[in-house]
Amino acid sequence: MTAVDDRPTAETDLYERPVRPVVGPRGILRDLGPRYAANGLIGLIFSCTGPVAVILAAGAAGGLSAPQLASWIFGVFVLNGLLTIVMSIAYRQPLGFFWTIPGTVLVGGSLTHLSWAEVVGAFFVTAALVTVLGASGLVRRVMEALPMPIVMAMVAGVFLKFGIDLVAALGSDVAIAAPMVIVFLLLSSVAVLGKWMPPILGALLAGVCAVALSGRFSPSGTDSAVFAAPVFTAPQFTWSAILELVVPLAITVLVVQNGQGIAVLRSAGHNPPVNVSAIVCGLWSFPAACVGAVSTCLTGPTNALLVSSGERSRQYTAAITCGTLAIVFGLFAPLFVRWMIAAPASFVATLGGLAMLKALQGAFVAGFASKHTMGALVAFVVTASNITVWNIGAAFWGLVAGVAVSWLMERPDFSR
């Protein structure tokens, strides 16, 4: 077996170097296993359910046509799926790239008074700003300056919703949620069964059976489209759209979304390329904007699912699986979206909650185990409040408040 140099990149390297030698198809197939394929599948299911619903809601607020929405979904899945595969192979670690969900919510609000062409113009300007900030090396310096316990507490605040939704699903739809939870606990507690089938895959299959037996899977027959077709929207650059969207979008990409993804991967023992990730997020957002898709980011929840189990050295195959399935989903977006919307909401909530339990546990442990505990608590509470100020979401303000409180009350922790 060929030795791999997976040591952290030297701090003097502005742009983190890929791993050498590059893994080939045989190496990928050797490292791929049922557990990693299941994690990649769950990551894709998470991304193409709730987050897609956010896109549909944003598009409905702006009166976008069905072809425009299909093009948006095509861009965030096909383009980002390809980026996920390339980056995960290059750095031999799970690097799941999708799109900024807080940014999508922001866009939905802006579409009530801005035209789609103006919003697309803001996408292009955001891509340029993210690329420049990534190339400057500023992003890695900021991420290294932020205390990791406070960042992980912010991540815990973001992930808390998935745990709460799991409990709510158990209370409101026990016929769907209970079989999934029971199978998950059984496979997790009995080692022999867990080796035979990954717990989250068992929960997925149990949920599919429960939904089928309930007779509540009813795809809409109003739209017969199967393949997605990209639609180019000519950008319109206006100061109103640029001032309203560009800075908040850049913050959600670089600080909130990338910050979550980097923190999750570091807590799992990986060494994500911070500056290169920022640069590719900016560069990849240009073709995404061409088809009307919101900015690319290194997403937190999906990466948490990709590293939820298995050997660290093989987890990159979960990202490759997720990226491959994302391309397929994007190509058949109209068909798959109909299927996903047809499933009960409790199925998606239970699956997402079970998949995120270990990530939530890890975030709490990393956030409150040692130093910066008061700052971490403030970051968690502010993030969980879901407050929005100046079109910027709670995760950013959680980081700001947590660092400020820790600096005032826990000054010795910074020197340590």
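Per an unreviewed UniProt entry, the chain goes by the name Benzoate membrane transport protein BenE and belongs to Rhodococcus gordoniae.

A. The arrangement of the pattern of salt bridges in detail. Following the criterion strictly, the structure yields two salt bridges and no others. Note that Lys161 is salt-bridged to Asp165, the shortest N-O span being 2.7 Å. A residue pair is termed a helical-turn pair when its members lie 3 or 4 positions apart in one helix, as Lys161 and Asp165 do in helix 8 (residues 148-172) at four residues. Accessibility expressed as a relative area gives 25% for Asp165, which makes it partly exposed. Note that Glu311 and Arg314 form a salt bridge whose closest N and O atoms lie 3.7 Å from each other. With a relative accessible area of 45%, Glu311 lands in the partly exposed category.

B. A look at the nonpolar core. By size, the foremost hydrophobic cluster in this structure holds 67 residues, and its most contacted members are Ile42, Met87, Phe97, Phe159, Phe347, Leu351 and Leu354. With ten residues, the single largest contributor to this core is helix 8. Non-local contacts of Leu354, meaning those with residues more than four positions away in its chain, are made with Leu166, Met180, Val181, Phe184, Ile200 and Ala203. Ranked by size, the runner-up nonpolar core spans 45 residues in total, among them Ala58, Ile73, Val119 and Ala319.

C. Representation of the packing of aromatic side chains. If you walk through the whole model with that rule in mind, you get ten aromatic pairs. Here Phe364 and Phe368 contribute two aromatic rings whose centre-to-centre distance is 6.1 Å and whose plane-to-plane angle is 25 degrees, an arrangement assigned as stacked. Separated by four residues within a single helix, Phe364 and Phe368 lie in helix 17 (residues 345-368), roughly one turn from each other. Centre to centre, the rings of Phe364 and Phe380 are 5.3 Å apart; their planes meet at 55 degrees, and the pair counts as tilted. Of this pair, Phe364 sits in helix 17 while Phe380 is found in helix 18 (residues 373-385), placing the two residues 16 residues apart along the sequence. Owing to a relative accessible area of 14%, Phe380 belongs among the buried residues under this scheme. Ring pairing ties together the aromatic residues Phe77, Phe98, Trp99 and Phe329, which thus form one cluster. Above the plane of the ring of Trp407 lies Arg411, whose end atom (NZ or CZ) is 4.2 Å from the centre.

D. Broad picture of the confidence of the model for the chain. Mean pLDDT over the chain stands at 83; residues scoring 70 or higher make up 90%. Counting interchain partners and residues more than four positions distant, the pLDDT-below-50 stretch residues 1-11 has 17 contacts.

E. Structural view of the side chain of Thr302. Tracing the chain through its elements places Thr302 in helix 14 (residues 300-306). Its relative accessible area of 1% is what places Thr302 among the buried residues. Excluding residues within four positions of it along the chain, Thr302 makes contact with Gly43, Phe46, Ser47, Phe98 and Cys322.

F. View of a nonpolar patch on the surface. A cluster of nonpolar side chains, namely Met374, Leu377, Val381, Trp407, Leu408 and Met409, defines an oily patch on the protein surface of about 620 Å² accessible area. Secondary structure elements with two or more residues in the nonpolar patch: helix 18 and helix 19 (394-409). Relative to the helices and strands, Val381 resides in helix 18.

G. Examining helix 9 (residues 174-189) more closely. Taking 1.5 Å of rise per residue, 16 residues should cover 22 Å, and helix 9 covers 21 Å from first to last C-alpha, within 8% of that figure. Regarding helix 9, the residues found buried are Ile176, Ala177, Ala178, Met180, Val181, Phe184 and Leu187.

About the thresholds
- Residues numbered from 1 in each chain as written.
- Predicted model: local features only at pLDDT ≥ 70, side-chain atom pairs only at ≥ 80, totals over all residues.
- Heavy atoms only, no water.
- Salt bridge = Lys/Arg side-chain N within 4 Å of Asp/Glu carboxyl O.
- Helix = DSSP H or I, 4+ residues; strand = E, 2+ residues; numbered from the N terminus.
- Buried < 20%, exposed > 50% of the residue type's maximum accessible area, 1.4 Å probe, protein only.
- Core = buried A, V, L, I, M, F, W, Y, C linked by side-chain atoms within 4.5 Å.
- Contact = heavy atoms within 4.5 Å.
- Phe/Tyr/Trp six-rings, centres within 6.5 Å; stacked < 30°, edge-to-face > 60°.
- Lys NZ or Arg CZ within 6 Å of the ring centre and 35° of its normal.
- pLDDT = per-residue confidence, 0-100.
- Patch = residues over 30% accessible without salt bridge, like charges linked within 9 Å, V, L, I, M, F, W, Y side chains within 5 Å.
- Areas by Shrake-Rupley, 256 points an atom, 1.4 Å probe, with all protein chains shown as cover.
- Expected span 1.5 Å × (residues − 1).

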